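Listed below are the residues making up each chain.
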Amino acid sequence: MRILEIINPKVQSRTYPGTFQPKQGTGYKKRPGHIESGSFSVVRDDPKNPHSVIKTARGPKETQTDGFWIYVDYILKMRLWKNPYFPRIYEKKTFKDREAEQVKRINMERLHEMSKLSQKEG
């Protein structure tokens, strides 16, 4: 592994051969393995690294309407992952279906609530 592969986020685009189907129903219940589940995305543990999480948009509509993905693109474009006040993004994947709809997924550092940090960490 090269040092730049560790330091710089990996950005990939992949093609999905089918089409993304809209999610049925309005219930966004947490499933086993999910840390949090919301209207726009799902966050789960990264099985390879206990210090990171995987965040995935629920679908193409959520990818377009959630401002978080604009924030992630800005961090990557401006190389802000070097700044300790922005989340460290290790990998970003964009999945495109045959109708050019997109769903995004990132692997990022695990964030902690300020109230759970020690005074030195906070």
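For the structure itself, consult the block above.
About the cut-offs
Residues numbered from 1 in each chain as written. Predicted model: local features only at pLDDT ≥ 70, side-chain atom pairs only at ≥ 80, totals over all residues. Heavy atoms only, no water. Buried < 20%, exposed > 50% of the residue type's maximum accessible area, 1.4 Å probe, protein only. Helix = DSSP H or I, 4+ residues; strand = E, 2+ residues; numbered from the N terminus. Arc of directions from axis to C-beta. Contact = heavy atoms within 4.5 Å. Pairing = 2+ DSSP bridges. Axes fitted to C-alpha atoms, helices over the stretch in contact; angles between N-to-C directions. Core = buried A, V, L, I, M, F, W, Y, C linked by side-chain atoms within 4.5 Å.

## Some words on helix α3 (residues 67–77)
For α3, the set of buried residues is Phe68, Trp69, Val72, Ile75 and Leu76. Down the axis of α3, the smallest arc covering the buried residues is 115°, so these residues share one side. Turned more than 90 degrees away from the buried face of α3 sit Ile70 and Lys77, all of them exposed. Buried residues belonging to α3 abut β1 (10–15), β4 (52–57), α2 (60–65), β5 (89–96) and β6 (102–109).

## So, the sheet that holds strand β3 (residues 41–45)
Strand pairing in a sheet takes place through backbone hydrogen bonds and is either antiparallel or parallel in direction. Spatially, β1-β5-β6-β4-β3-β2 is the arrangement adopted by the six strands of the open sheet, whose pairing is mixed. Each edge of the sheet is formed by a strand with only one pairing partner; in this case those strands are β1 and β2 (34–37). When the angles between neighbouring strand axes are averaged without regard to direction, this sheet yields 15°. Bridge analysis of β2 against β3 gives three bridges, and the strand direction is antiparallel. Residue pairing for β3: Ser37 is matched across the bridge by Val42.

## A closer look at the nonpolar core
Phe68, Trp69, Val72, Leu76, Ile89, Ile106 and Met108 are the most contacted members of the largest nonpolar core, which has 14 residues in total. Counting only elements with at least two residues in this core, the list comes to β4, α3 and β6. Per-element accounting of this core gives the leading share, five residues, to α3. For Met108, the contacting residues outside a window of four places in its chain are Ser52, Val53, Phe68, Pro87, Arg88, Ile89 and Tyr90.

By themselves these figures say nothing about function.
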